[in-house]
Amino acid sequence: MIERIKSALRDCGISLWRITDSTVESAELFFVKKQLDTRRIKDVRKFQAAVFRDVEADGQTLRGFTTVTLLESMDDARLREELNGAYYAAQFAANPFYALPDPVQAPVKEKTGQLCQAPLAESAAQIAQALFAADTREDAFLNSAEIFVTRSRTRILSSEGTDAAYTDAKAEGEFVVQCQEPEDVEIHNTYSYDTLDTAALTKKVAEALTFVRDRSRAQRILKSGQYDVVLSAEAAATVLSYYQDRAAAQMIYPKYSTWQVGEQVQGEEISGAKLDLDLCATQPYSEEGIPMEDLPLLRAGELKAIHGNNRFCRYLDIKPTGLYQKLRCLNSGVPFEELKAGPCLWAVAFSDFQMDSMSGHFGGEIRLAYLIEDGRAIPVTGGSINGSLLESQGSLRFCEERYEAAHYTGPYGVRIPNVNVAGVE
């Protein structure tokens, strides 16, 4: 099929291109309570072609590109039709000229570990066992669950000479926990791992069952004001993603972000933890075929790297790194019980928690939080959080316990002082 696509590209007069050949195998399980409802096995192969076109405008050379998905079932005439259409459209997506990624030729990089090497059905069964291992309570239960275990093989070729391939695997899905008394409530949860971390998943389910039970009993007594807010798990990871986003070349080139390497981006006055962050390469190559490796992002709050796709890195005249999808926070601190000691609001479930990387604001509507004061933790619901990381980033405190996910590894919890909370009274 690769040779057929190359032949069609030549027939269409397209000299600059990139082909991505991806095969994805998956095992999918769908549960209603503890009963397996649906099982699916998939094996899908598809090809994506990116075609580049240079055009002249106002005496300048511009470069545009579009992508098109190609299938093995297409005959040669259909391949040419799809590629011609993409090449025609590329002239309308022209940007300032940039060089394409440097060519890479390397043997296949095989990922190791059970997710990559064991039968997919076996890994899916272990994940199911981990999910339901914590479902032993009488006051809360797993209402439903979905499991997706995928294993992929990707090969990237380009007109510049790139020929690189790698394998990958991931386990992800979602589950809903429910408590029916005294109020019938459900909380939706997601999970994603790049290794078979069954212990972490069981712990996550156990925690979710406690949260939904407490949500059923939560009171609407939260008053408006400023609180020390403790965020944990996914919410903590979401807040820290601000630094990953702001350091992206596609944010810096159009000046949405003014960060520069060597700049103290956490602010000049840091009374709390000085941030040490890494960008983690979850795959050996970006989708453009750029080799990727772990990069220091922040050290003691100072920016050490800018990351991004080829075009924007070329515009900034820096080495293309690829766009990173996983953040590692190296900071640690006190035990979590100590982190949330003293008056604070530990917010654990939101309707929609977001981090605005343009403004630095974070927040969401509270489904469950614990109002901690006078040695008591009172479950509360209602109200919302509206914090500014720019105002509080110098005073962050972390716990020593760790949280692992496909997109983040770092402290389980972070304490942020003086966050605005809109209450229900």
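Figured I'd write up the structure that's included with this text. Here the structure is a predicted model, which is why all the values come from computation and not from measurement. Residue numbering note: each chain is counted from 1, following its sequence as written. Only residues with pLDDT of at least 70 get local features here, since the model is predicted, and only at 80 or more are side-chain atom pairs given and counted; chain-wide, interface and lining totals rely on the full set of residues. Side-chain numbers come from the whole structure's heavy atoms, not from hydrogens or water.

**Considerations on helix H1 (residues 2–11)**
Spelled out, the test is: Throughout, exposure labels follow a simple rule: accessible area from a 1.4 Å probe, protein chains only, divided by the maximum for the residue type, with under 20% read as buried, over 50% as exposed, and the rest as partly exposed. By definition, any uninterrupted DSSP run of H or I lasting at least four residues is a helix, any uninterrupted run of E lasting at least two residues is a strand, and each is numbered from the N terminus. Arc definition: directions from the helix axis to the C-beta atoms. Here, residues are in contact when the closest pair of their heavy atoms is within 4.5 Å.
Where H1 is concerned, the buried positions are Ile2, Ile5, Ala8 and Leu9. Projection of H1 onto a plane perpendicular to its axis shows the buried side chains occupying an angular sector of 125°, all on one side. Exposed side chains of H1 directed beyond 90 degrees from the buried face belong to Glu3 and Arg10. Structurally, H1 contributes buried residues whose contacts are with strand S1 (17–32), strand S2 (35–57), strand S3 (60–70), helix H2 (76–90) and strand S5 (141–158). Positive backbone phi, at 70°, marks Gly13, one or two positions downstream of H1.

**Thoughts on the sheet that holds S3**
Operational definition: Between any two strands, pairing holds if DSSP finds at least two bridges. Geometry is summarised by axes, namely lines fitted to C-alpha atoms with helices restricted to the contacting stretch, and by angles between N-to-C directions that run from 0 to 180 degrees.
Taken in spatial order, the seven strands of this open sheet run S4-S3-S2-S1-S5-S6-S7, and their pairing is antiparallel. Looking at which strands have only one partner, the edges of the open sheet turn out to be strand S4 (94–96) and strand S7 (185–193). Neighbour-to-neighbour, the strand axes of this sheet turn through a mean angle of 25°, independent of strand direction. With 16 bridges connecting them, S1 and S2 associate as antiparallel partners. If you follow Val32 over to S2, its bridge partner there is Gln35. H1 contacts S1, S2, S3 and S5 of the sheet and is inclined by roughly 135° relative to S1.

**Quick notes on the packing of aromatic side chains**
Counted only if it meets this: Any two of the Phe, Tyr and Trp rings considered here, Trp counted by its six-membered ring, make a pair once their centres fall within 6.5 Å; the pair's planes then place it as stacked at under 30 degrees, edge-to-face at over 60, or tilted in between. Comment: the charge-over-ring label is applied if NZ (Lys) or CZ (Arg) is within 6 Å of the ring centre and within 35 degrees of the ring normal.
Counting across every chain of the model gives 22 aromatic pairs. A centroid spacing of 5.9 Å and a plane angle of 80° characterise the contact between Tyr242 and Trp259, whose relative ring orientation is edge-to-face. One end of the pair, Tyr242, is in helix H6 (residues 234–246); the other, Trp259, is in the loop between helix H7 (249–252) and strand S9 (277–280), and 17 residues separate them in sequence. For Arg53, the ring lying beneath its charged end belongs to Tyr87, and the centroid distance is 4.5 Å. Directly above the aromatic system of Phe312 lies the positively charged group of Arg311, at a separation of 4.4 Å from the ring centroid.

**Thoughts on the sheet that holds strand S12 (residues 326–329)**
Reading across the sheet, the six strands line up as S11-S10-S9-S12-S20-S19 and stay open at both edges, with mixed pairing between neighbours. Where the open sheet ends on each side, the last strands, each with one partner, are strand S11 (302–303) and strand S19 (402–405). Bridging between strand S10 (residues 295–299) and S11 involves two bridges; their strand directions are antiparallel. Pairing of Arg299 across the sheet is with Glu302, part of S11.

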